[in-house]
Amino acid sequence: MELVVQKFGGSSVADPGKLKGVARRVAESCGPDRKIVVVLSAMGDTTDHLLDLTAAVTQRPSPREIDMLLSTGEQMSVALMSMALGELGVDAISYTGWQAGIHTDGAHRKARIDGIDPKRINRDLENGRVVVVAGFQGINSQKEITTLGRGGSDVSAVALAAALGAAECEIYSDVNGVYTADPRVVPQARKLDELSYEEMLEMASLGAQVLQGRAVEYAKRHGVVIHARSTFSRDRGTLIKEVGNLQKVREVTGVAFDAQAAKLCLIDVPDRPGVAYQVFQALAKDNINVDMIIQSVNRENVTDLCFTVLRDDLALAKETAQRMAVELSAKGVICKENVAKVSVIGAGMATNPGVASRMFEALAREKINIEMISTSEIKISCLIRSSQVHQAVRAIHQAFQ
């Protein structure tokens, strides 16, 4: 018997009408030879609304209490979905993350899944029920509710698919797959039929919002096939799986951008062994992910250390950087928010020279200045002014046809 995990994002269940439409789609996909587990995000802008309520009460909320509050959004979705399925004659039951057996580490707001106990879900599936699980949440060893960070429902769905041995994890959103660029920015962008885990991981981490990066990482580690598709279309989407020899087929797969980046620079840091370790260890302790890093050339035994973080982490990262500047006797910290990251991704880049020069030529032609550059075997990223990011994406996409 086939088992499929279906995850629907907030835009798919944004209001009662859309939620009932998803319920009909789930009901149609049920059958005597098919078991279904549904994972839901909060409805529409519910999470943002809850964060606005938090800001109206306090500017320094407890991470534990934020998780307690935000987890209610998904609980509302799954309860309503179970009711909607019941109206269609489908035997369904809703679970919170902890009821579904999702165990996490202790990091509030950015928890990672340590493991899943699927016994309760399996029992209901064996009894012919559709199980509806609240995404984005779990429970830690102290029995505290935790949330998995933005896009965490994708992680929940993939982790459940792995734990249950699902044939496929279908991730539904308001787009019908992964494109060579954001079609809202580049109308000529093409839908990709399939992607390797590595390419999708890079695209997700570099700003493509179809899938959450940690979900792809989890899928790669456990061999879960992801099918990214549209809630509002019956067309096939994009398969993300292990793909061989893509470097022979595609030089560049796509262009991604991240408009939520911020740049921090520690100025005149003493140029001695261990300084970088001290700075980034402090950031790691505060659970801040760092992306691009550049250290300037030594000048009179000092150097500048620049790096990028998510804009959501900027306030905390700035506090940490300023504390480290004092400890290290650096001159100070410069913060810049009006930046964005644009990247090209492709499995064939490692064996096809000239990709970087074509990307830089496209940016130069548009008179776009590059502030930072980072590379890997399958991606090149440039930090630029945020006001020019859409212009950059279109120019690069055209350069690689």
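The model shown is predicted, which means the values in this text are computed figures rather than measured ones.

Procedures and definitions
Residues numbered from 1 in each chain as written. Predicted model: local features only at pLDDT ≥ 70, side-chain atom pairs only at ≥ 80, totals over all residues. Heavy atoms only, no water. Helix = DSSP H or I, 4+ residues; strand = E, 2+ residues; numbered from the N terminus. Contact = heavy atoms within 4.5 Å. Polar contact = N/O pair within 3.5 Å; in protein donor to acceptor, adjacent residues only side chain to side chain. Pairing = 2+ DSSP bridges. Axes fitted to C-alpha atoms, helices over the stretch in contact; angles between N-to-C directions. Phe/Tyr/Trp six-rings, centres within 6.5 Å; stacked < 30°, edge-to-face > 60°. Lys NZ or Arg CZ within 6 Å of the ring centre and 35° of its normal. Salt bridge = Lys/Arg side-chain N within 4 Å of Asp/Glu carboxyl O. Buried < 20%, exposed > 50% of the residue type's maximum accessible area, 1.4 Å probe, protein only. Parallel < 35°, antiparallel > 145°, perpendicular 65-115°, else oblique. Left-handed = near helix turned anticlockwise from the far one by under 90°. Patch = residues over 30% accessible without salt bridge, like charges linked within 9 Å, V, L, I, M, F, W, Y side chains within 5 Å. Areas by Shrake-Rupley, 256 points an atom, 1.4 Å probe, with all protein chains shown as cover. Core = buried A, V, L, I, M, F, W, Y, C linked by side-chain atoms within 4.5 Å. Arc of directions from axis to C-beta.

**Student:** Sorry if this is basic, but what is going on with the environment of Gln 137 here?
**Tutor:** Within the secondary structure, Gln 137 sits in strand E7 (residues 137-139). Expressed as a C-alpha distance, the spacing of Gln 137 and Val 57, which sit 80 residues apart in the sequence, is 23 Å. Among residues more than four places away in sequence, those in contact with Gln 137 are Ser 71, Glu 74, Gln 75, Thr 96, Gly 97, Ile 102, Thr 146, Thr 147, Leu 148 and Ser 156. Of the polar contacts made by the side chain of Gln 137, one reaches the backbone oxygen of Ser 71; its length is 3.1 Å.

**Student:** I keep staring at the sheet that holds strand E16 (residues 302-310) and nothing clicks. Help me out?
**Tutor:** Sheet strands associate in pairs through backbone hydrogen bonding, adopting either a parallel or an antiparallel arrangement. A sheet is described by the order of its strands in space; here four strands give the open sequence E15-E16-E14-E17, paired in antiparallel fashion. In this open sheet, the two strands that pair with only one neighbour each are strand E15 (290-295) and strand E17 (332-336). For this sheet, the mean angle separating the axes of adjacent strands, direction not counted, is 20 degrees. In this structure, strand E14 (residues 261-270) lies alongside E16, joined through eight bridges in antiparallel fashion. By the bridge assignment for E16, Pro 270 is matched with Val 302.

**Student:** So what exactly am I meant to see when it comes to the packing of aromatic side chains here?
**Tutor:** Aromatic ring pairs are described here by two measures, namely the spacing of the ring centres and the angle between the planes. In total, this model carries two aromatic pairs according to the counting rule given. Their ring planes at 10 degrees and their centres at 4.5 Å tell us that Phe 8 and Tyr 172 sit as a pair that is stacked. Here the residue Phe 8 occupies a position in strand E1 (residues 2-8), and Tyr 172 occupies one in strand E9 (residues 168-173), the gap between them amounting to 164 residues. Arranged with centres 5.4 Å apart and planes meeting at 75 degrees, the rings of Phe 280 and Phe 307 form a pair that is edge-to-face. Placement of the pair is Phe 280 in helix H8 (residues 275-285) and Phe 307 in strand E16, with a sequence separation of 27 residues. Over the ring of Tyr 218 we find Arg 221, and its NZ or CZ is 5.1 Å from the ring centre.

**Student:** Please explain the pattern of salt bridges as it appears in this structure.
**Tutor:** Once their charged atoms are close, side chains differing in charge can pair, the charge on each being opposite to the other. Scanning all chains against the criterion turns up 24 salt bridges. Among the salt bridges present, the one from Asp 117 reaches Lys 119, with a minimum N-O distance of 2.9 Å. A relative accessible area of 32% means that Asp 117 is categorised as partly exposed. Among the ionic pairs, Arg 184 bridges to Asp 182, the shortest N-O distance being 3.0 Å. Residue Arg 184 is classed as exposed on the basis of its relative accessible area of 70%. Residues participating in the shared-partner salt-bridge network are Glu 2, Arg 34, Glu 170 and Arg 229.

**Student:** Whenever I open this one, the packing of helix H6 (residues 197-205) against helix H7 (residues 213-222) confuses me. Can you help?
**Tutor:** Any two packed helices are characterised by the angle at which their axes cross and by the distance between the axes. Contact pair H6 / H7: the axes reach a minimum separation of 8 Å and the direction vectors enclose 165 degrees. Taken together, the axis directions place H6 and H7 in an arrangement best described as roughly antiparallel. With respect to the hand of their crossing, H6 and H7 are arranged in left-handed fashion. In this structure, H6 uses Tyr 197, Glu 198, Met 200, Leu 201 and Ala 204 to contact H7, whose residues at the interface are Gly 213, Val 216, Glu 217, Ala 219 and Lys 220.

**Student:** It is not clear to me how a nonpolar patch on the surface should be interpreted in this structure. Could you clarify?
**Tutor:** A grouping of Met 76, Leu 80 and Met 83 is seen on the molecular surface, where their side chains present a nonpolar patch of about 270 Å² in accessible area. Looking at where Met 83 falls in the secondary structure, it is placed in helix H3 (residues 63-87). Taking relative accessible area as the criterion, Met 83 reaches 55% and is therefore assigned exposed.

**Student:** Please explain unusual backbone geometry as it appears in this structure.
**Tutor:** Glycine aside, residues mostly have negative phi, and peptide bonds are mostly found in the trans state. Of note, Phe 136 is a non-glycine position whose phi angle comes to about 75 degrees, a positive value. By the element assignment, Phe 136 lies in the loop between strand E6 (130-134) and E7. The backbone phi angle of Asn 287 is positive, close to 65 degrees, even though this residue is not glycine. Take Asn 287: it is sitting in the loop between H8 and E15.

**Student:** What's the story with the nonpolar core in this structure? I'm lost.
**Tutor:** As a rule of thumb, nonpolar side chains are buried together in soluble globular proteins. Within the largest apolar cluster, 45 residues are counted, with the highest numbers of intra-cluster contacts made by Val 37, Ile 121, Val 133, Val 178, Met 200 and Ile 240. A total of seven residues in this core trace back to one element, the largest contributor, which is helix H5 (residues 152-164). If you look at the next biggest cluster of nonpolar residues, it comprises 26 residues, including Ala 181, Ala 189, Val 355 and Met 359.

**Student:** Explanation requested: helix H10 (residues 355-365) in the structure shown.
**Tutor:** Since the α-helix packs 3.6 residues into each turn, any two residues three or four apart lie on the same face. Within H10, the full set of buried residues consists of Val 355, Met 359, Ala 362 and Leu 363. Take H10 and look down its axis: the buried residues cluster within an arc of 95 degrees, on one side only. Residues of H10 that are exposed and point more than 90 degrees away from the buried face comprise Ala 364 and Arg 365. Elements in contact with the buried residues of H10: strand E18 (339-345), strand E20 (379-385) and helix H11 (389-399). Lys 367 sits one or two positions beyond H10 and adopts a positive phi of about 60 degrees.

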